[in-house]
Amino acid sequence: MTRIRELDALRGFAVGGIMLVNTWQHVPRVPDGPRTGVDWAIDALFQARFYPIFSLLFGIGFVLFLQRAGHWVLLSRLAWLFGFGLLQHTFYEGEVLTDYAFYGALVLLPASFLAGGLPVLILGLGALVWAMREGGGSLFIPGLFLVGMAVMQLRPSGRLLWPGFAVSALATALLTPAWVMTGDWIVYSVAALAGATAYTTGLLLVLRAGWSAPLSAVLEPMGRMALTNYVSGTLVIFLTGPFVASDPTRWSVVLVAAVTVPAQAWASRWWLSNFRYGPLEWIWRCLTWFRWVPNRLESGRDHNRPLPDPGGS
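Heads up: these notes are all about the structure in this document. Keep in mind it's a predicted model, so treat the numbers as computed, not measured.

In this section: the overall build of the chain. Counting secondary structure elements, the chain contains 13 helices and zero strands. Overall, the chain shows an N-to-C arrangement of helices and strands of α-α-α-α-α-α-α-α-α-α-α-α-α. Over its C-alpha trace the chain gives a radius of gyration of 19 Å, about what one expects of a compact globule, namely 20 Å for 313 residues. In terms of principal-axis extent, the alpha carbons of the chain reach across some 55 × 45 × 40 Å.

Turning our attention to the side chain of T201. When you line up the elements, T201 lands in helix α9 (residues 185-207). A relative accessible area of 10% means that T201 is categorised as buried.

Along the chain, the position of Y51 falls in helix α3 (residues 51-69). Given a relative accessible area of 25%, Y51 falls into the partly exposed group. Not counting the four nearest positions on each side in its chain, Y51 is found in contact with I18, Y100, G137, F140 and L144. Among the polar contacts listed, one links the side chain of Y51 to the backbone oxygen of G137, at a separation of 3.2 Å.

Together, F82, L86, F102 and L106 make up a nonpolar patch on the protein surface, roughly 380 Å² of accessible area in all. Checked against the element boundaries, F82 lands in helix α4 (residues 71-89).

Take the layout of surface pockets next. Of the voids in this model, the largest pocket is the one considered here, and its volume is about 1,200 Å³. If you trace the largest pocket, you find 36 residues lining it, with L56, V151, P156, T200 and T201 closest to the centre. Elements with a contribution of two residues or more to the lining of the largest pocket: α1 (5-26), α3, α6 (117-134), α7 (140-154), α8 (161-182) and α9. Residues that form the lining of the largest pocket fall into these classes: 27 nonpolar, six polar and three charged. N22, Q25, Y51, V96 and G137 are the residues nearest the centre of the second largest pocket, which is lined by 28 residues in total. When residues of the lining of the second largest pocket are traced back to their parent elements, those giving at least two are α1, α3, α5 (97-111), α7 and α9. The residue makeup of the lining of the second largest pocket, split by class, is 17 nonpolar, eight polar and three charged.

The next point concerns the packing of aromatic side chains. All chains considered together, the criterion is met by 18 aromatic pairs. For the pair Y100 and F145, a centre-to-centre distance of 5.1 Å together with 85 degrees between the ring planes defines the contact as edge-to-face. Remark: F145 occurs in helix α7 and Y100 occurs in helix α5; sequence separation between them is 45 residues. For the pair shown, Y100 and F145 are each scored as buried.

Overall, the coordinates contain five salt bridges when judged by the stated rule. In this structure, the salt-bridge partner of R11 is D8, at a minimum N-O distance of 3.0 Å. Linking R11 with D8, this pair stays in helix α1, spanning three residues, or about one helical turn. With respect to class, R11 is no different from D8; both count as buried. A salt bridge links R35 to D43, with the shortest nitrogen-to-oxygen separation between them at 3.1 Å. Since its relative accessible area comes to 10%, D43 is described here as buried.

Quick look at helix α13 (residues 279-289) now. Within the sequence span of α13, burial applies to L280, E281, W282, W284, R285, C286 and T288. Where the residues of α13 are buried, they touch α3, α4, α10 (213-224) and α11 (226-245). F290 sits one or two residues past α13 and shows a positive phi near 55 degrees.

Let us look at empty space enclosed by the protein. For the structure shown, the criterion picks out four cavities of 30 Å³ or more. By volume, the second largest cavity amounts to about 60 Å³. If you trace the second largest cavity, you find it lined by V15, I18, M19, N22, N229, Y230, G233, T234 and Q264. Within the residue set of the lining of the second largest cavity, elements represented by two or more residues are α1 and α11. For the lining of the second largest cavity, the per-class residue count stands at four nonpolar, five polar and no charged.

A separate point is helix α12 (residues 251-272). The end-to-end C-alpha distance of α12 is 32 Å, a good match for the 32 Å that 22 residues give at a rise of 1.5 Å each. Buried within α12 we find S252, V253, V256, A257, T260, V261, Q264, A265, S268 and L272. At its buried positions, α12 is contacted by α1, α2 (37-45), α10 and α11.

Conventions and cut-offs
- Residues numbered from 1 in each chain as written.
- Predicted model: local features only at pLDDT ≥ 70, side-chain atom pairs only at ≥ 80, totals over all residues.
- Heavy atoms only, no water.
- Helix = DSSP H or I, 4+ residues; strand = E, 2+ residues; numbered from the N terminus.
- Rg over C-alpha atoms; globule rule 2.2 N^0.38 Å.
- Buried < 20%, exposed > 50% of the residue type's maximum accessible area, 1.4 Å probe, protein only.
- Contact = heavy atoms within 4.5 Å.
- Polar contact = N/O pair within 3.5 Å; in protein donor to acceptor, adjacent residues only side chain to side chain.
- Patch = residues over 30% accessible without salt bridge, like charges linked within 9 Å, V, L, I, M, F, W, Y side chains within 5 Å.
- Areas by Shrake-Rupley, 256 points an atom, 1.4 Å probe, with all protein chains shown as cover.
- Salt bridge = Lys/Arg side-chain N within 4 Å of Asp/Glu carboxyl O.
- 1 Å grid on protein atoms, 1.4 Å probe; cavity = no way out; pocket = protein on both sides within 12 Å on 5 of 7 lines; lining within 4 Å.
- Points joined across faces, edges and corners; volume = space filled by probe spheres on them.
- Nonpolar A, V, L, I, M, F, W, Y, C, P; charged D, E, K, R; others polar.
- Phe/Tyr/Trp six-rings, centres within 6.5 Å; stacked < 30°, edge-to-face > 60°.
- Expected span 1.5 Å × (residues − 1).

As structure tokens, this is what we get:
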């Protein structure tokens, strides 16, 4: 099996957006400082829009990896992911790797024994409604995992992309101002999920256009090194925290992300021109299979050829 390059590009897009949102979310404003235009823009357009994409892709990657490796290897993979999360938690309390590993074992592994994608989809949508009623946050992750699993099992037609984009973009355009006026959490949550859907379907439409090769060349390497880029991004947030927290304008949030994401895109492309897997992805793979996995590319190899790794890392 070869990599699904659109999924890599979506993952790269999501991890870049998560860098911006996490920088804003995990570095507090100046005490008693007002909400700035940057705060309003990120809250209305980006907050809670990217981690749903990443979670959806995790559910999709779960199915792909399960088809290749089986339940016991997948359980080992989740256990080591939990370990990565514990290490990351020593310097970044907002890490989600432990949540991903926990909910993957708690929800996705049992759901993999259900027959067909429709029951999984119904279960996932029900979990999303429950999470919305309970306050959202990380509680959305199980439902998004299940919806991603169902999408991979049902394989909906690509002809649904345009209608899906139109409906989700319209919903976002209507619900976001409604949230600004009402401050209602349910309205905000639905707007955020609609926004994530609009970003996903819109990017897929762009990636399927004939002129999208430069964008794919930037996003795919970032997506193939999503774990490395996520962890290194949180390290940047930790190190730049005092600088961002002291800025009353909050433009430093944008500056940190605007420097970090292009640097990660360049580093990912360079690294994958010499190696099969990113640094943390390679360590994760060796630990999962409990054996040494060759990583350096042979000289003269076609670096643009998709590599066998349906699981996303």
